[in-house]
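Per-entry structural report
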Amino acid sequence: MENQAAPEKVTEASEGKPPPELNRLRLRFGDALQLQFVGEDPRFTVRLVGYLENRSIIITTPIHNRRLVPVRVGQSVAVRMMVNDQACAFVTEVVQTYRVPYPHVHLDYPRELVTNKLRKAVRVETRVDGSVINRSIGERAKEIDCHLMDISESGAHLVTPIRIGKSGDEITLSLKLNIGGMHRTLTIPAILRGRMKVKDSDDERKVHYGVEFLALADDERIELIAFVYSKLSTNL
């Protein structure tokens, strides 16, 4: 299939080593996974229900706008997940779907698993619009429009029209992301890591900060990583 969106990283199997087994990743029931139908852009967050080695993986049926997303037996899907500091992915197909006792899907057990140790320093230059509020100044805090000039899994280059605080202040960013054609607003707690000296090309006043992201829930972390790496592939 021409548009097939298979994982791009080199697998251990292709290097002469046996492919890593899914059960060695120590996945937990309820872990968040990203599901993408091969040849389509949208990505859906689903939950791991369970798996039986060499038989099937059971996930919740994806939901969009409070409706179950149609899933057909035989459909090819790409599954992505975060395990510790590894991004993992595999391509498989739908074996069976069920609506009772709750909507769930059986996927064929993967024969090949792609793993990639994340490099937290990877940054991509892209404009991301949003807003920011300084939580360290209490009741005086106001939400201010902002944008990012670059972003990584661990931090970003923040631009605001006014000074919003000092190094060490805790802030909350609300970012408008476009992930594979799906629009998301991602809320990220972060810390200001000091002002940056940047010469702007226009006369509009801008204040530049380096920010470090704080810990995110699994769902939000997956969305952030998906956004960063989708922009990285676009910029290559």
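Everything below is about the structure printed above this text.
Now for a look at the structure at hand. (Residues numbered from 1 in each chain as written. Predicted model: local features only at pLDDT ≥ 70, side-chain atom pairs only at ≥ 80, totals over all residues. Heavy atoms only, no water.)

**Topic: the pairing of strand β2 (residues 44-52)**
Definition in use: Should DSSP find at least two bridges between two strands, the strands are taken to pair. Working definition: helices are DSSP H or I runs of at least four residues, strands are E runs of at least two. Numbering for both runs from the N terminus.
As paired strands, strand β1 (residues 32-37) and β2 are joined by 4 bridges and run antiparallel to one another. Residue pairing across strands places Gln 34 opposite Thr 45, the latter belonging to β2. The antiparallel pairing of β1 with β2 creates a hairpin that spans 6 residues between the two strands, and Gly 39 there sits at a positive phi of about 90 degrees. Pairing of β2 with strand β3 (residues 56-60), which is carried by 4 bridges, proceeds in the antiparallel orientation. Within the sheet, the bridge partner assigned to Leu 52 lies in β3 and is Ser 56. Hairpin connection from β2 to β3: 3 residues lie between these consecutive antiparallel strands, with Asn 54 at a positive phi of about 65 degrees.

**Here's the deal with unusual backbone geometry**
Between Val 100 and the following residue, Pro 101, the backbone shows a cis peptide bond with an omega angle of 0 degrees. Along the chain, the position of Pro 101 falls in the loop between β7 (86-98) and β8 (104-108). Residue Asn 54 is not a glycine yet carries a positive backbone phi of 65 degrees. As for its position among the elements, Asn 54 is in the loop between β2 and β3.

**Quick word on the nonpolar core**
Cut-off, in case you're wondering: Remark: nonpolar core denotes a set of buried residues (Ala, Val, Leu, Ile, Met, Phe, Trp, Tyr, Cys) joined through side-chain atoms within 4.5 Å. Between buried and exposed lies partly exposed: a residue is buried under 20% and exposed over 50% of the maximum accessible area for its type, with that area taken using a 1.4 Å probe on protein chains only. Whether two residues are in contact is decided by their heavy atoms, any of which lying within 4.5 Å being enough.
Ile 151, Leu 158, Leu 173, Val 211 and Phe 213 are the most contacted members of the largest nonpolar core, which totals 28 residues. Of all the secondary structure elements, the ones that give two or more residues to this core are β10 (123-134), β11 (144-152), β12 (155-160), β13 (170-179), β14 (182-196), β15 (207-213) and α1 (218-235). Tallying contributions element by element places β13 first for this core, with 5 residues. The residues contacting Leu 158, other than those within four sequence positions of it, are Val 132, Cys 146, His 147, Leu 148, Ile 164, Ile 171, Leu 173, Leu 192, Val 207, His 208, Tyr 209 and Val 211.

**Quick notes on the pairing of β12**
Of all 6 residues making up β12, 6 are buried, and the element is well covered by its neighbours. With 4 bridges joining them, β11 and β12 adopt antiparallel strand pairing. Its bridge partner being in β12, Leu 148 is matched across the sheet by Leu 158. Between the end of β11 and the start of β12, which pair antiparallel, lie 2 residues.

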